[in-house]
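As a plain string of letters, each chain reads:
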Amino acid sequence: MNAYENAVQSLVNGGYPDRQAREILSFVCGEAQDEGHRRGAAAARAELTAGSPWERAVAGLNALVDADIAFWIEPDGHISGPFGDEHIEWDHDAARWRLVHDDEDDDVHPPHPAPCRVPDSPDCTCPTPGAAS
């Protein structure tokens, strides 16, 4: 059972008819989504008007928060979340952060001269010093 069905069941257990429980959840979910869009738009405006690069970076991270997107920053620098097929990663060749879709080719850890800059990355394909090739 998914979270929506669990919520419906909780309302039904509380005495609401099934149809009314679903209508209540649809209304609440719609309001929450509208609020998320409003907060996201405000964050986007703040990003455009922020003074320093640090303020713009904070506004960008807050845009994820306002959209109710759970995320974390991994030790290798990736910014990703438990759901979805997008994440942000450092592109070594371009020396820029970029948005990556998980269905893109597996070029997330491009070859580079030793020593590896991110040896703990699960995407690292660099040969380990002293390992057999």
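Residues numbered from 1 in each chain as written. Predicted model: local features only at pLDDT ≥ 70, side-chain atom pairs only at ≥ 80, totals over all residues. Heavy atoms only, no water.

Attention now goes to the overall build of the protein chain. A count of helical and extended segments in the protein chain gives three helices and four strands. The N-to-C order of helical and strand elements in the protein chain reads α-α-α-β-β-β-β. Classification of the 133 residues of the protein chain by burial places 19% in the buried group. Nonlocal contacts in the protein chain, meaning residues at least 24 apart in sequence, comprise 8% of its contacts between residues at least 6 apart. (Helix = DSSP H or I, 4+ residues; strand = E, 2+ residues; numbered from the N terminus. Buried < 20%, exposed > 50% of the residue type's maximum accessible area, 1.4 Å probe, protein only. Contact = heavy atoms within 4.5 Å.)

Moving on to the environment of I88. Among the secondary structure elements, I88 is positioned in strand β3 (residues 86-91). Note: C-alpha distance between I88 and L99 (eleven residues apart in sequence) is 4.6 Å. The residues contacting I88, other than those within four sequence positions of it, are G77, H78, I79, W97, R98 and L99.

Right, let's talk about helix α3 (residues 53-66) for a bit. With 14 residues, α3 ought to run about 20 Å at 1.5 Å a step, and its terminal C-alpha atoms sit 20 Å apart, in line with that. A positive phi of about 60° marks D68, the residue just after α3. (Expected span 1.5 Å × (residues − 1).)

What follows covers the packing of aromatic side chains. Within this structure, the stated rule accounts for one aromatic pair. Judged by centre distance (5.3 Å) and plane angle (70°), the ring pair of W90 and W97 falls under edge-to-face. Given the relative accessible area of 33%, W90 is considered partly exposed. What makes W97 partly exposed here is its relative accessible area of 48%. (Phe/Tyr/Trp six-rings, centres within 6.5 Å; stacked < 30°, edge-to-face > 60°.)

Further remarks concern the confidence of the model for the protein chain. Residues at a pLDDT of 70 or more form 65% of the protein chain, whose mean pLDDT is 74. Mean pLDDT across the elements of the protein chain bottoms out in helix α2 (residues 18-49) (71) and peaks in strand β2 (residues 79-80) (87). (pLDDT = per-residue confidence, 0-100.)

With the rule as written, the count across this model stands at four salt bridges. Between R98 and E89 there is a salt bridge, with its nearest N and O atoms 3.4 Å apart. Its relative accessible area of 26% is what places R98 among the partly exposed residues. One continuous salt-bridge network, built from bridges that share partners, spans E89, D91 and R98. (Salt bridge = Lys/Arg side-chain N within 4 Å of Asp/Glu carboxyl O.)

A few words on unusual backbone geometry. In the Ramachandran plot, D68 falls in the positive-phi region, its phi being about 60° despite a non-glycine side chain. Mapping D68 onto the fold places it in the loop between α3 and β1 (72-73). Even without being glycine, A95 reaches a positive phi, approximately 55°. Examined against the element boundaries, A95 turns out to sit in the loop between β3 and β4 (96-101). Exposure remark for A95: the relative accessible area of 45% places this residue in the partly exposed category.

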